[in-house]
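The residues making up each chain are set out below.
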Amino acid sequence: GSLSDPLPWIGDSAKYFNVNVLNSYEGNYDGVAFGGIHWQLAVALLVVWLIIALSVAFGKQILAKVTWVTVLGPVFLLIVLLVRSVMLDGAADGIKFYIGKFDGEMLGRLDMWAAACGQILFSLSPGMGTAITLSSFTKPKEDVVKTCFIVAICNSA
């Protein structure tokens, strides 16, 4: 989709989203159920399940390598996107607008701190798979409470 020129969603973005992205079926629903199979999604699902099967089959040694790729890959992509977006026209105006919106008085409001603490708790919950992987590498005499505090503080920093 996004590598073609002109972009396919330029004309009618709602139709593109409903038909191509959501795979909506606009025909007769008798005996069809959810519509046809998207081969791109089927291949992606197969690749994901293959990675999961190999990870389970080869144990925590392969999980450590997979974790390196899945952690460093998005960081690398974010750096590439950051560098690319800073080089675009008008980037300086956007950065000034984003950074110039800081309001120091908000730091004194308790409802803002309550919302921030709630966000920290919600952002820690998707990392439970990482916490389970981390627990398989901890030593028997490891201070788990200290490790949990370090993870929570690093998450909120």
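Everything that follows concerns the structure shown earlier in this document.
These numbers were taken from a predicted model, which means no experiment stands behind them.

1. Examining the overall build of the protein chain
Right, on to step 1. Scanning the protein chain from terminus to terminus reveals seven helices and zero strands.
Right, on to step 2. For the protein chain, the α and β elements follow one another from N to C terminus as α-α-α-α-α-α-α.
Right, on to step 3. Out of the 157 residues belonging to the protein chain, those deemed buried represent 2%.
Right, on to step 4. Entry remark: accessible area of the protein chain is about 13,700 Å², with carbon and sulfur atoms responsible for 72%.

2. Here we look at the packing of helix 2 (residues 39-58) against helix 3 (residues 60-86)
Right, on to step 1. Here helix 2 crosses helix 3 at 135 degrees, and the two axes come no closer than 6 Å. By the angle class used here, helix 2 and helix 3 are oblique. In contact with Leu54, Ser55 and Phe58 of helix 2, helix 3 contributes Lys60, Gln61, Ile62, Leu63 and Val66.
Right, on to step 2. By residue class, the composition of the contact of helix 2 with helix 3 is five nonpolar, two polar and one charged.

3. Some words on the packing of helix 5 (residues 110-124) against helix 7 (residues 144-156)
Right, on to step 1. For the pair helix 5 and helix 7, the least separation of the axes is 10 Å and the interaxial angle reads 115 degrees. Crossing angle aside, the handedness with which helix 5 passes helix 7 is right-handed. Counting all contacts with helix 5, which are made through Ile120, Ser123 and Leu124, the residues of helix 7 involved are Val151, Ala152, Asn155 and Ser156.

4. A short note on the environment of Ile62
Right, on to step 1. Here Ile62 is to be found in helix 3.
Right, on to step 2. Among residues more than four places away in sequence, those in contact with Ile62 are Leu54 and Ser55.

Rules used throughout
Residues numbered from 1 in each chain as written. Predicted model: local features only at pLDDT ≥ 70, side-chain atom pairs only at ≥ 80, totals over all residues. Heavy atoms only, no water. Helix = DSSP H or I, 4+ residues; strand = E, 2+ residues; numbered from the N terminus. Buried < 20%, exposed > 50% of the residue type's maximum accessible area, 1.4 Å probe, protein only. Areas by Shrake-Rupley, 256 points an atom, 1.4 Å probe, with all protein chains shown as cover. Axes fitted to C-alpha atoms, helices over the stretch in contact; angles between N-to-C directions. Parallel < 35°, antiparallel > 145°, perpendicular 65-115°, else oblique. Contact = heavy atoms within 4.5 Å. Nonpolar A, V, L, I, M, F, W, Y, C, P; charged D, E, K, R; others polar. Left-handed = near helix turned anticlockwise from the far one by under 90°.

Interpretation note: all reported values are geometric properties and have no functional meaning in isolation.
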